[in-house]
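Spelled out, the chains give:
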Amino acid sequence: MSDPKIWVAISFLLFVALVARIGWRIATKALDARAERVRAELEEASRLRAEAEAMLRQAEAERAAALAEAEDMISRAQAEAERVAARTAAEVEAQARAREKMAMDRIAAAEAAAIAEVRAAAAEVAGAAAAAVLREMLDPAEEAARLDRAVADIPRAFRSAA
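Structural notes, computed from the coordinates. (Residues numbered from 1 in each chain as written. Predicted model: local features only at pLDDT ≥ 70, side-chain atom pairs only at ≥ 80, totals over all residues. Heavy atoms only, no water.)

## Considering the overall build of the chain
Check the secondary structure of the chain and you find two helices and zero strands. Its C-alpha atoms give the chain a radius of gyration of 62 Å, clearly above 15 Å, the size a compact globule of 162 residues would have. Taking the principal axes of the C-alpha coordinates as reference, the chain spans close to 200 × 20 × 15 Å. Within the chain, the fraction of its 162 residues that count as buried is 4%. When the accessible area of the chain is evaluated, it comes to approximately 13,800 Å², of which 65% is carbon and sulfur surface. Positive and negative charge centroids in the chain, built from 24 and 28 side chains respectively, lie 12 Å apart. (Helix = DSSP H or I, 4+ residues; strand = E, 2+ residues; numbered from the N terminus. Rg over C-alpha atoms; globule rule 2.2 N^0.38 Å. Buried < 20%, exposed > 50% of the residue type's maximum accessible area, 1.4 Å probe, protein only. Areas by Shrake-Rupley, 256 points an atom, 1.4 Å probe, with all protein chains shown as cover. Lys, Arg positive; Asp, Glu negative; His and termini not counted. Charge placed at Lys NZ, Arg CZ, Asp CG, Glu CD.)

Printed below as a string of structure tokens:
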């Protein structure tokens, strides 16, 4: 054991073991730190994925709600359009009935005026015929008196007949 080569070899082996042990600790710490960073990044990625999925679900829910609201708005708009169409049709119908009634009233007024004209003309003709007959049958003084009475009674006779 007195050979210096052995002591140098033992010293070298001890040195290599010590360096290896220190190197191993440094390497394992570095690997552990890297593993911890990777684990933290994986956890962060998992958290971000869960957050993204939650946001996706929320966006899908909001989309479905917006779609339902849009469909509801469309159905309300269609119902309102139908109500407006029905109301407009009813108003047009009422206007048509009012115009028809006005036309019927005008026709009735025209008929009444025509009947009055015919009655007046008939009264004039009857009066003239009666005067002619009386002129032939009566003397002029008596004829004038009867004619005046008959002419005076004609409007009263028509008023009582109407």
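## Overview of the environment of Leu-42
Assignment of secondary structure puts Leu-42 in helix H1 (residues 4-137). Residue classification places Leu-42 among the exposed residues on the basis of a relative accessible area of 57%.

## Some words on the pattern of salt bridges
For the structure on display, the rule yields seven salt bridges. Here Arg-39 ties to Glu-36 by a salt bridge, and the two come within 2.4 Å at their closest N and O atoms. With Arg-39 and Glu-36 both in helix H1, this residue pair falls three residues apart, about one helical turn. Between Arg-49 and Glu-53 there is a salt bridge, with its nearest N and O atoms 3.1 Å apart. A residue pair is termed a helical-turn pair when its members lie 3 or 4 positions apart in one helix, as Arg-49 and Glu-53 do in helix H1 at four residues. For Glu-53, a relative accessible area of 36% corresponds to the partly exposed category. Each member of the salt-bridge network shares a partner with another, and the members are Glu-44, Arg-47 and Glu-51. (Salt bridge = Lys/Arg side-chain N within 4 Å of Asp/Glu carboxyl O.)

## A few points about a nonpolar patch on the surface
A cluster of nonpolar side chains, contributed by Phe-12, Leu-13, Phe-15, Val-16 and Val-19, occupies part of the molecular surface with about 500 Å² of accessible area. Summarising the element assignment, Phe-12 is placed in helix H1. The class of Phe-12 is exposed, set by a relative accessible area of 51%. (Patch = residues over 30% accessible without salt bridge, like charges linked within 9 Å, V, L, I, M, F, W, Y side chains within 5 Å.)

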